[in-house]
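So you can see what is in the structure, the chains are spelled out below.
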Amino acid sequence: MTASIYRTIGLKPVSANAQTWTEESVAELFELPFNDLLYRAQQVHRAHFAPNEVELATLFSIKTGGCPEDCAYCPQAARYHTGVEAGKLAPLEQVIAAAKQAKANGATRFCMGAAWREPQGRDIGKVQMMVSAVKSLGMETCATLGMLSSEQAQQLRDAGLDYYNHNLDTAPEFYGEIITTRVYQDRLDTLDHVRQAGLKVCCGGIVGMGESRQQRANLVAQLANLDPYPESVPINHLVQVPGTPLNGSEPLDPLEFVRTIAVARITMPLARVRLSAGRREFGEAVQALCFLAGANSIFYGDKLLTTCNPEAAADRALLSKLGMHPLAEGGESGACDCGTSTRAG
Ligand code: SAM
Ligand code: DTB
Ligand code: SF4
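Reading guide: rules and limits
- Residues numbered from 1 in each chain as written.
- Chains lettered and ligands numbered in written order.
- Predicted model: local features only at pLDDT ≥ 70, side-chain atom pairs only at ≥ 80, totals over all residues.
- Heavy atoms only, no water.
- Helix = DSSP H or I, 4+ residues; strand = E, 2+ residues; numbered from the N terminus.
- Rg over C-alpha atoms; globule rule 2.2 N^0.38 Å.
- Buried < 20%, exposed > 50% of the residue type's maximum accessible area, 1.4 Å probe, protein only.
- Contact = heavy atoms within 4.5 Å.
- Areas by Shrake-Rupley, 256 points an atom, 1.4 Å probe, with all protein chains shown as cover.
- Lys, Arg positive; Asp, Glu negative; His and termini not counted.
- Charge placed at Lys NZ, Arg CZ, Asp CG, Glu CD.
- Near = heavy atom within 4 Å.
- Polar contact = N/O pair within 3.5 Å; in protein donor to acceptor, adjacent residues only side chain to side chain.
- Axes fitted to C-alpha atoms, helices over the stretch in contact; angles between N-to-C directions.
- Parallel < 35°, antiparallel > 145°, perpendicular 65-115°, else oblique.
- Nonpolar A, V, L, I, M, F, W, Y, C, P; charged D, E, K, R; others polar.
- Patch = residues over 30% accessible without salt bridge, like charges linked within 9 Å, V, L, I, M, F, W, Y side chains within 5 Å.
- Salt bridge = Lys/Arg side-chain N within 4 Å of Asp/Glu carboxyl O.
- Disulfide = S-S within 2.5 Å.
- Core = buried A, V, L, I, M, F, W, Y, C linked by side-chain atoms within 4.5 Å.
- Arc of directions from axis to C-beta.
- Right-handed = clockwise from strand over helix to strand, strands pointing away.

Student: An account of the overall build of the protein chain is needed here, citing residue identities and associated values.
Tutor: Check the secondary structure of the protein chain and you find 12 helices and 10 strands. Compactness check: the protein chain gives a C-alpha radius of gyration of 19 Å against a globular reference of 20 Å for 345 residues, within 12% of the reference. Its C-alpha atoms give the protein chain principal-axis dimensions of roughly 55 × 40 × 40 Å. Residues classed as buried in the protein chain amount to 57% of the 345 residues present. Of the contacts made within the protein chain by residues no fewer than 6 positions apart, 75% connect residues no fewer than 24 positions apart. A total accessible area of about 13600 Å² is found for the protein chain, and carbon and sulfur atoms account for 51% of it. Side chains of the protein chain give 31 positive and 37 negative charges; the mean places of these two sets differ by 5 Å.

In structure tokens, the structure reads:
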């Protein structure tokens with residue numbers, strides 16, 4: 001972001017990783033007239049990214065269900081009766097086959113998710129083999145396995161992992177309403193271990209869990225104040241699953257979701273902001289607004305971890321209708337309006 005653009009949009013010029021966002025300043029962004037907010041977000045977006053390019057990331061559940069944690073949104077927590085069966089760790093060949101399929105469909109990133117509180121014993125060694133195999137296909141690799149020690153993070157890095165996904169999920173003051181089996185600081189500690197190991201950070205949250213607008217702003221402030229802020233920021237819309245405590249929550253106004261994307265874009269200009277879980281319920285027009293607000297990544301493929309995502313063919317049709325195209329293999333195009341380089345992410 002050049003200083004001139006910050007003047008244009010009324011924000012102070014700062015270096016990408018050194019700005020502190022107060023909760024008030026983020027809340028002020030949320031309060032802007034919708035058109036003003038989207039205009040600002042689009043300006044920031046165009047300063048750093050090719051405006052019509054979107055990253056396609058495919059998720060694969062390497063270990064489903066049976067999780068000991070109590071995350072109130074999650075269909076994979078053993079304590080809720082959601083119909084998700086606890087499975088074993090997927091065999092390596094199955095993971096490779098899924099990654100090859102994802103690549104053939106046009107995804108450039110493959111994200112492996114496990115319903116663990118944290119990896120145990122020999123788990124990391126097995127995931128290392130998956131990471132190396134997927135990496136050798138020429139895909140970017142991401143994993144989300146729960147809490148990590150410094151050593152585990154380093155082992156994943158050594159295997160060729162590019163990104164580690166670990167979400168803050170919500171604002172610190174709302175967190176206790178959603179999860180009681182681990183605390184916010186545990187999440188921050190894992191993010192530190194991931195950074196120290198030289199991995200790129202994928203970290204975001206979920207909206208639509210009954211939090212207030214101020215709490216949405218506080219989540220974004222937490223993310224934007226990580227130093228440096230994450231390279232990837234998944235913004236999930238709660239997928240309501242029968243059997244979970246959050247099933248039946250008051251639905252979030254979709255325009256409020258769009259605002260959250262826009263505020264994430266403005267506060268984390270170089271991050272890849274991912275329109276993540278829960279977009280199937282939105283329809284095309286709201287998704288188009290999310291792209292206008294600066295989202296430039298989606299989960300792509302008919303399934304997320306255990307719930308449905310829009311069908312890949314429908315996504316291709318939507319992108320085509322919008323004149324958007326997938327990010328090519330090999331990463332960032334670097335193309336943007338202002339000529340500054342983009343940060344991988
Ligand atoms: N077990 C690991 C952990 O929790 O860190 C990794 C997998 S967990 C499923 C990854 C993330 O998925 C969660 O942090 C949460 O943000 C998101 N997620 C899970 N269930 C969701 C739901 N029903 N709606 C939206 N996002 C959800
Ligand atoms: C993230 O932020 N969202 C993804 C990914 N990271 C691992 C997971 C969404 C899960 C949605 C519920 C399910 O399919 O089980
Ligand atoms: Fe377990 Fe992760 Fe689901 Fe929480 S979000 S219950 S840690 S799988």
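Still more to cover.
Student: Let's hear about the site of ligand 2: which residues, and what values?
Tutor: Around ligand 2, a shell composed of 13 residues is seen, among which N167, N236, L305, T306 and T307 lie nearest. Contact distances for ligand 2 include 2.8 Å between an oxygen atom and a side-chain N or O atom of N236. L305 is positioned with one of its backbone polar atoms (N or O) 3.1 Å from an oxygen atom of ligand 2. Expressed as a share of its isolated accessible area of 400 Å², the protein-covered part of ligand 2 is 89%.

Student: Could you give an account of the packing of helix α3 (residues 34–48) against helix α11 (residues 283–292), naming the residues involved and the relevant values?
Tutor: Relative placement of two packed helices is described by the angle separating their axes and the distance separating the axes. One way to put it is that α3 packs onto α11 with a least axis distance of 9 Å and a crossing angle of 55 degrees. In terms of orientation, α3 lies oblique with respect to α11. Across the interface between the two elements, F34, L38 and Q42 from α3 touch L289, F291 and L292 from α11. Classifying every residue of the contact of α3 with α11 gives 5 nonpolar, 1 polar and no charged.

Student: Quick rundown of a negative patch on the surface? Include the residues and the values.
Tutor: On the surface, E23, E24, E28 and E173 cluster together into a negatively charged patch. For the negative patch, the leading source of residues is helix α2 (residues 23–31), giving 3 residues. In this structure, E24 sits in helix α2. Among the residues examined, E24 registers a relative accessible area of 52% and is labelled exposed.

Student: I'd love a proper account of the site of ligand 3, names of residues and values included.
Tutor: The local shell around ligand 3 consists of C67, E69, C71, Y73, C74, A77, A115, W116 and R182. Taken together, the residues of the shell around ligand 3 sort by class into 7 nonpolar, no polar and 2 charged.

Student: Explain the state of the cysteines to me, using residue names and the numbers behind them.
Tutor: By the definition in use, this model includes 0 disulfides. The cysteine C203 is free of any disulfide, with C202 supplying the nearest cysteine sulfur at 7.6 Å.

Student: Residues and numbers for the nonpolar core, please.
Tutor: Y73, F110 and L145 are the most contacted members of the largest nonpolar core, which totals 96 residues. Broken down by element, the residue count for this core peaks at 7 residues, all from helix α10 (residues 254–267). Membership of the second largest hydrophobic core comes to 10 residues, among which are C111, Y163, V239 and A277.

Student: Tell me what's going on with α11, and back it up with residues and numbers.
Tutor: Among the residues of α11, those classed as buried are V286, Q287, C290 and F291. One side of α11 holds all its buried residues, which, seen down the axis, span an arc of 150 degrees. For α11, the secondary structure elements touched by its buried residues are α3, β1 (53–63), α10, β8 (272–275), β9 (297–299) and α12 (312–322). Immediately beyond the C-terminal end of α11, within one or two residues, lies G294, with a positive phi of roughly 115 degrees.

Student: How would you summarise the pattern of salt bridges if you had to cite specific residues and measurements?
Tutor: Should the charged atoms of two oppositely charged side chains come close, the side chains can pair. Across all of its chains, the model carries 15 salt bridges by this definition. We note a salt bridge from D315 to R279, for which the minimum N-O separation is 2.6 Å. A residue pair is termed long-range when its members are at least 10 positions apart, and D315 in helix α12 and R279 in the loop between β8 and α11 qualify at 36 residues. Here D315 and R279 have matching classes, each one buried.

Student: How would you summarise unusual backbone geometry if you had to cite specific residues and measurements?
Tutor: The step from D227 to P228 runs through a cis peptide bond, and the omega angle for that step is -5 degrees. For P228, the location among the structural elements is in the loop between α9 (213–224) and β7 (232–237). With a phi close to 75 degrees, D169 is a non-glycine residue in the positive phi region. Of note, D169 is situated in the loop between β4 (163–165) and α7 (172–178).

Student: Explain the pairing of β7 residue by residue, including any values.
Tutor: Of all 6 residues that make up β7, 6 are buried, and the element is covered over most of its length. Here β7 shows a buried face lined by S232, P234 and N236 and a second buried face lined by V233, I235 and H237. Each parallel crossover has a hand, and for strand β6 (residues 205–207) linked through α9 to β7 it is right-handed. Note that the unit made of β7, α10 and β8 has a crossover that is right-handed.

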